[in-house]
Amino acid sequence: MPPLYLGLDVGTQGVKAVVYDSKLKQIVGRGAQPWAILESTVPGRAEQHPKTWVEGTIAAAKQALSAVDRSAVKAVAVSGQQHGMVALAADGSVLRPAKLWCDTESAPEAAELSQKLGYTVVPSFTSTKLLWLQRHEPEVWSRLAAVLLPHDYMNYWLTGKQVTEAGDASGTGLLDVAQRCWDARLAAMIDDKLAGCLQRIIGPDESVGTVLPEVADLLGLGHDVVVAPGSGDNAMSALGSGITQPGELVVSLGTSATLFGVSGQPIIDPSCAVCPFCDATGAWLPLICTLNCTVPAEEVITAFGISHEQATALAEKEPAGSGGVSFLPYLVGERTPNWPDSSGAVVGLRPGLLKPGVLYRAALEGATLSLAAALSRATDLGLVPKELRLVGGGSKNALWRQIVADVFQLPVKLPLEAESAALGAALQAAAVHSGVPVGAYVQQNQPPISEQVVQPNPANKQAYEEALQRHMQRGQRLFAPQQQQQQ
C-alpha cells in the first residue's frame, strides 16, 4: 500500500481537506466544511473562535478519509489563513476569539507603528493586533502566555506542541525576514513580555511531532502519523502550484488578486507594496495583493446586460491597450498602491469608445496592469521573473490569460488543481515523512499542469508598456496623496 498524506487548508471561509497518493501522484480523497466570521456590530471587527476551525477540520478530514485506507496515512500538514492572532493562557486555553487578517480594528495601531518604524505596517499584520489587545483588553493581555497563528494553533491541536515556521511568521510584522528569526526590538516596541510569548521557529523540513493519540483515534489514524510544519496559505499554494525555483511566479485572479514568486534572496520593500514573506522551502516569497480584480469586469457586463462570453467575444475584437482607455479598477479603494480612498475610474474615452467590448477589455487590462505596476517595484528590488502560473476564477477566461501573458511578457502555465493550498500541504507532509527537502520533493512530484502554455505575443509588448505608463500616471494624478505626486 503506497503511503497517503493528508493536506488541510484552514481558511477564512472554511476548511478544505485532500488525501494525496504518493504513488499515483494525485488526490484520492476530498472533504470540505464551511464556516463564517463571527457576527459583530463593531466596525472593522473580524473574528473567529479557534474551536470552529477544529470542529470543521474534523468534519472535512473525516470526509476526505472516508474512501481511503486510513492506516496508509503517514503524515499531515496544515495551510492556514495568515496574520490571525490566537491568544493563549499558560494552560493552553484560548483567551478570546482570534482576530483575523481582515480585522481592521487595529488601524490606529498600524498607523502608529508605521510612524515609529518609518515604513508601512498594514492592519492585517499580527503585530498591530497585539498592540490593540494590550491597549483595549488589558485583563486578557495580563494572562497572555503564548501567541499562535491560525495554522500554528491547528498544529498545537494536532500535536500538543507550540511552534511556528518562517513562512507564516513573516506575516506577523515581528520577524527578521532576512535572518528568519524573531526581531526582539520589534517585539519590545509592543511590550517587553511579548518576546516570551512567541514560539520557537522550526525549519521547513522539520516535523512538529506526531498526532496526539486522542486526535488520531478521533480521525481513525495511526498513532505514528507525522505532522509537518505547515505554513501560511500563500506559501502552501506556491507548493501546490509547483513553484519552488527563483523566478517562478503565481498570479491568482479572484475578487482580489495576488501575485507571489520564489526568490533566492529577501525582497524588503519599505513601502510594503511588496510583502516580505518567507516561503515554505527555506527561500523567500515576495507577495503582492490588490483588492480589485474580477469585480470591474462584472460591473461592465451588469451595466450592459450581457454575459461574460458575449463581452469576451466583443473585447477580443478590440486592440491591446483598449484604444487608450484606462479602467482604473479601484472600486473598493486599494491597498497596492495604498490608496484606501480611491475609486473606480474610466479615463481616456474618445468618440466611439464607450462600448462594452472596450470597457470589458479595459477592465481585464486594468486589473492586470495593477499587478504589473506592483511587480515593477519587486523587480527594482531584485526579483527576476521567468515564468508565471495562473490560477483563480479569472484564469478560466482565454482572453484574460492572453492579456496576462502579454502584459508580463512571460509564458503562462495553468495548474489543474483548484485547491492548491491543501495540495501544497499534502506535498509538504509527503516530503517531511520521506526525508526529502520540501523544494526537491515538489520538483520531483510536480502538481498537474495543463499541456497548454500561453505564450506572450511580442507584437503587443509596446502597446502594454504604454498602457502601463498611462495606468500608473492616471492613477497618480487622480488618487495619490499630494506629497506622492510631488515626489
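These figures come from a predicted structure and were not determined experimentally. (Residues numbered from 1 in each chain as written. Predicted model: local features only at pLDDT ≥ 70, side-chain atom pairs only at ≥ 80, totals over all residues. Heavy atoms only, no water.)

What is the right way to read the overall build of the chain from this model?
Within the chain one finds 17 helices and 23 strands. Taken against the 2.2 N^0.38 rule, which gives 23 Å for 487 residues, the C-alpha radius of gyration of the chain at 23 Å falls within 12% of a compact globule. Counting only C-alpha atoms, the chain reaches 70 × 55 × 40 Å along its principal axes. Relative to its 487 residues, the chain shows a buried fraction of 58%. (Helix = DSSP H or I, 4+ residues; strand = E, 2+ residues; numbered from the N terminus. Rg over C-alpha atoms; globule rule 2.2 N^0.38 Å. Buried < 20%, exposed > 50% of the residue type's maximum accessible area, 1.4 Å probe, protein only.)

Which parts of the structure should I look at to understand the side chain of Glu165?
Its place among the elements puts Glu165 in strand S9 (residues 163–165). There is no salt bridge for the buried Glu165, and the closest opposite charge comes from Arg180, which lies 6.2 Å off by N-O distance. Here Asp168 takes part through its backbone nitrogen, which lies 2.7 Å from a polar atom of the side chain of Glu165. Those residues in contact with Glu165 that lie beyond four places of it in its chain are His151, Asp152, Ile201, Ile202, Pro229, Gly230, Ser231 and Gly232. (Lys, Arg positive; Asp, Glu negative; His and termini not counted. Salt bridge = Lys/Arg side-chain N within 4 Å of Asp/Glu carboxyl O. Polar contact = N/O pair within 3.5 Å; in protein donor to acceptor, adjacent residues only side chain to side chain. Contact = heavy atoms within 4.5 Å.)

Mind showing me how you'd approach the packing of helix H10 (residues 295–304) against helix H12 (residues 356–380) here?
The packing of two helices is summarised by the inter-axis angle and the distance between the axes. The contact between H10 and H12 brings their axes to 8 Å, and the two run at 165 degrees. Classified by the interaxial angle, the pair formed by H10 and H12 is roughly antiparallel. Once H10 is placed against H12, the crossing between them reads as right-handed. Together, Pro296, Ala297, Val300, Ile301 and Phe304 of H10 and Pro356, Leu359, Tyr360, Ala363 and Leu364 of H12 make up the contact between the two elements. When grouped by side-chain class, the residues that make up the contact of H10 with H12 number 10 nonpolar, no polar and no charged. (Axes fitted to C-alpha atoms, helices over the stretch in contact; angles between N-to-C directions. Parallel < 35°, antiparallel > 145°, perpendicular 65-115°, else oblique. Left-handed = near helix turned anticlockwise from the far one by under 90°. Nonpolar A, V, L, I, M, F, W, Y, C, P; charged D, E, K, R; others polar.)

What's the story with the UniProt feature "domain: Carbohydrate kinase FGGY N-terminal" (unreviewed entry) in the chain in this structure? I'm lost.
As annotated by UniProt and renumbered to match this structure, "domain: Carbohydrate kinase FGGY N-terminal" (unreviewed entry) occupies residues 4–240. Helix makes up 34% of residues 4–240 and strand 24%, and the two end C-alpha atoms of the span are 16 Å apart. (UniProt positions renumbered as here; feature names shortened; annotations may be inferred.)

Sorry if this is basic, but what is going on with helix H13 (residues 398–408) here?
Given 3.6 residues to a turn, an α-helix orients residues that are three or four positions apart in the same direction. Across the 11 residues of H13, 9 count as buried, placing the element largely inside the fold. Taken residue by residue, H13 has Leu399, Trp400, Arg401, Ile403, Val404, Ala405, Asp406, Val407 and Phe408 as its buried positions. Of the residues that open H13, the one with a side-chain oxygen 2.9 Å from the backbone nitrogen of Leu399 is Asn397. Remark: Gln409 follows H13 within two positions and exhibits a positive phi of approximately 50 degrees.

Can you walk me through the nonpolar core in this structure?
In a soluble, globular protein the nonpolar side chains are often hidden away together inside. Judged by nonpolar contacts, the single largest core of 67 residues is most densely connected at Leu130 and Leu194. Residue contacts for Leu130: discarding those within four places in its chain leaves Met85, Trp141, Val147, Leu174, Ile190 and Leu194. The next biggest cluster of nonpolar side chains, apart from the first, holds 49 residues, and it includes Leu383, Ala405, Val407 and Leu410. (Core = buried A, V, L, I, M, F, W, Y, C linked by side-chain atoms within 4.5 Å.)

Where do I start with a nonpolar patch on the surface in this structure?
On the surface, Leu291, Val295, Leu331 and Val332 cluster together to form a nonpolar patch covering roughly 300 Å² of accessible area. Position of Leu331 among the secondary structure elements: in the loop between strand S19 (326–329) and strand S20 (344–347). Classification of Leu331 by relative accessible area gives partly exposed; the value is 35%. (Patch = residues over 30% accessible without salt bridge, like charges linked within 9 Å, V, L, I, M, F, W, Y side chains within 5 Å. Areas by Shrake-Rupley, 256 points an atom, 1.4 Å probe, with all protein chains shown as cover.)

Would you mind going over the sheet that holds strand S21 (residues 387–391) with me for this structure?
Two modes of strand pairing occur in sheets, parallel and antiparallel, and in both the strands are linked by backbone hydrogen bonds. Reading across from one edge, S18-S17-S16-S21-S22-S23 is the order of the 6 strands in this open sheet, with mixed pairing throughout. Every interior strand has two partners, whereas the edge strands, strand S18 (287–290) and strand S23 (449–454), have only one. Across the sheet, the axes of successive neighbouring strands diverge by a mean angle of 20 degrees, strand direction being ignored. Note that strand S16 (residues 248–253) and S21 share 5 bridges and pair parallel. Bridging across to S21, Val251 finds its partner in Leu390. (Pairing = 2+ DSSP bridges.)

Can you help me understand empty space enclosed by the protein in this one?
In the structure shown here, the tally under the stated rule is 3 cavities of 30 Å³ or more. By volume, the largest cavity amounts to about 70 Å³. Around the largest cavity, the lining residues are Thr126, Leu130, Val147, Leu148, Leu149, Asp152, Thr164, Thr172, Leu174, Trp182, Leu198 and Gln199. Breaking the lining of the largest cavity down by element, the ones donating at least two residues are helix H3 (126–136) and strand S8 (146–148). Its residues assigned to classes, the lining of the largest cavity shows 7 nonpolar, 4 polar and 1 charged. (1 Å grid on protein atoms, 1.4 Å probe; cavity = no way out; pocket = protein on both sides within 12 Å on 5 of 7 lines; lining within 4 Å. Points joined across faces, edges and corners; volume = space filled by probe spheres on them.)

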